[in-house]
Amino acid sequence: MPEQLEISRGKGTGELLQWEDAQKMKYSWNVASEVMRLSPPVNTNFKEAIRDFNYAGYTIPKGWKLRWATCSTHMDPEYFPNPEAFDASRFEGEGPTAYSYVPFGGGPRMCLGIELARLEILVFMHHIVKRFKWDLVNPDEKFKHDPLLEPVKGLPVRLHPHHV
Ligand code: HEM
């Protein structure tokens, strides 16, 4: 994460991260985005049809609940070539086609917390990269949906402090 190191090297002792710093963390956000493409924290939700419409030969009446799922596009090679592969560069430039990348949903009722979530993730990544090396206590720990994606044992890690 070259930009993380650049940002941390530009900071004096005790100097805090600023909003502008988070805006520069493009590569880190691409990595987080690719993690959320392959392992979306929320993998499905519902929408309500606000009028009758036709889709793929089906008539959906007003008032019906529709379930959408992240994997239907996140793992579709038409939108994400070689979808099983981890590749943060998918998010460079224009990035994915509209409504194909939906870990935060889409439309007028998409996640309200996206900017807070982005900030929290980037601040966490910054500090963990800057201050620690770490390894997993349970390298083969499984994840479950309950209903959000979570590690079954809470993902304990061993932290080894280091200084950049
Ligand atoms: C990685 C973190 C998060 C993920 C992946 C996530 C994902 C989602 C998804 C998929 C939806 C449904 C959107 C739709 O149906 O189109 C949603 C809705 C919502 N999220 Fe998040 N969320 C995250 C963090 C947060 C945070 C930090 C907050 C608030 C502090 C938040 C507040 C909300 C609210 C209020 C809604 C309902 C919006 C509405 O119905 O108008 N989320 N989120």
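Above this note sits the structure.
Let me begin by describing the structure that accompanies this report. (Residues numbered from 1 in each chain as written. Predicted model: local features only at pLDDT ≥ 70, side-chain atom pairs only at ≥ 80, totals over all residues. Heavy atoms only, no water.)

A look at a nonpolar patch on the surface
Then, in step 1: A cluster of nonpolar residues, Trp 134, Leu 136, Phe 143, Leu 155, Val 157 and Leu 159, forms a patch on the protein surface that exposes about 520 Å² of accessible area.
Then, in step 2: At the level of secondary structure, the elements contributing two or more residues to the nonpolar patch comprise strand E5 (132–136) and strand E8 (157–161). (Patch = residues over 30% accessible without salt bridge, like charges linked within 9 Å, V, L, I, M, F, W, Y side chains within 5 Å. Areas by Shrake-Rupley, 256 points an atom, 1.4 Å probe, with all protein chains shown as cover. Salt bridge = Lys/Arg side-chain N within 4 Å of Asp/Glu carboxyl O. Helix = DSSP H or I, 4+ residues; strand = E, 2+ residues; numbered from the N terminus.)

So, helix H3 (residues 26–38)
Then, in step 1: Helix length check: H3, at 13 residues, gives a terminal C-alpha distance of 19 Å against a target of 18 Å (1.5 Å per residue), a fit within 8%.
Then, in step 2: Within the span of H3, buried status applies to Ser 28, Trp 29, Asn 30, Val 31, Ala 32, Ser 33, Glu 34, Met 36 and Arg 37. (Expected span 1.5 Å × (residues − 1). Buried < 20%, exposed > 50% of the residue type's maximum accessible area, 1.4 Å probe, protein only.)

Overview of the coordination of the iron atom of the ligand
Then, in step 1: Protein coordination of the iron atom of the ligand rests on one atom only, Cys 111 (SG), at 2.3 Å.
Then, in step 2: Mapped onto the elements of the fold, Cys 111 is located in the loop between helix H4 (71–74) and helix H5 (114–131). (Donors = N, O, S within 2.8 Å, 3.2 Å for Na, K, Ca; no water.)

Focus: the environment of Ile 121
Then, in step 1: By the secondary structure assignment, Ile 121 is in helix H5.
Then, in step 2: Accessibility expressed as a relative area gives 26% for Ile 121, which makes it partly exposed.
Then, in step 3: On a C-alpha basis, the gap between Ile 121 and Gly 154 in space is 17 Å, while along the polypeptide they are 33 residues apart.
Then, in step 4: Setting aside residues up to four positions removed in sequence, Ile 121 forms contacts with Trp 29, Ala 32 and Met 36. (Contact = heavy atoms within 4.5 Å.)

Re the packing of H3 against H5
Then, in step 1: Two elements in contact, H3 and H5, have axes whose closest approach is 10 Å; the angle formed by their N-to-C orientations is 115°. As the angle between them shows, H3 and H5 are arranged roughly perpendicular. As H3 runs across H5, the sense of the crossing is right-handed. Contacts between H3 and H5 pair Ser 28, Trp 29, Val 31, Ala 32 and Met 36 from the former with Arg 118, Ile 121, Leu 122 and Met 125 from the latter.
Then, in step 2: Of the residues that constitute the contact of H3 with H5, the class distribution is seven nonpolar, one polar and one charged. (Axes fitted to C-alpha atoms, helices over the stretch in contact; angles between N-to-C directions. Parallel < 35°, antiparallel > 145°, perpendicular 65-115°, else oblique. Left-handed = near helix turned anticlockwise from the far one by under 90°. Nonpolar A, V, L, I, M, F, W, Y, C, P; charged D, E, K, R; others polar.)

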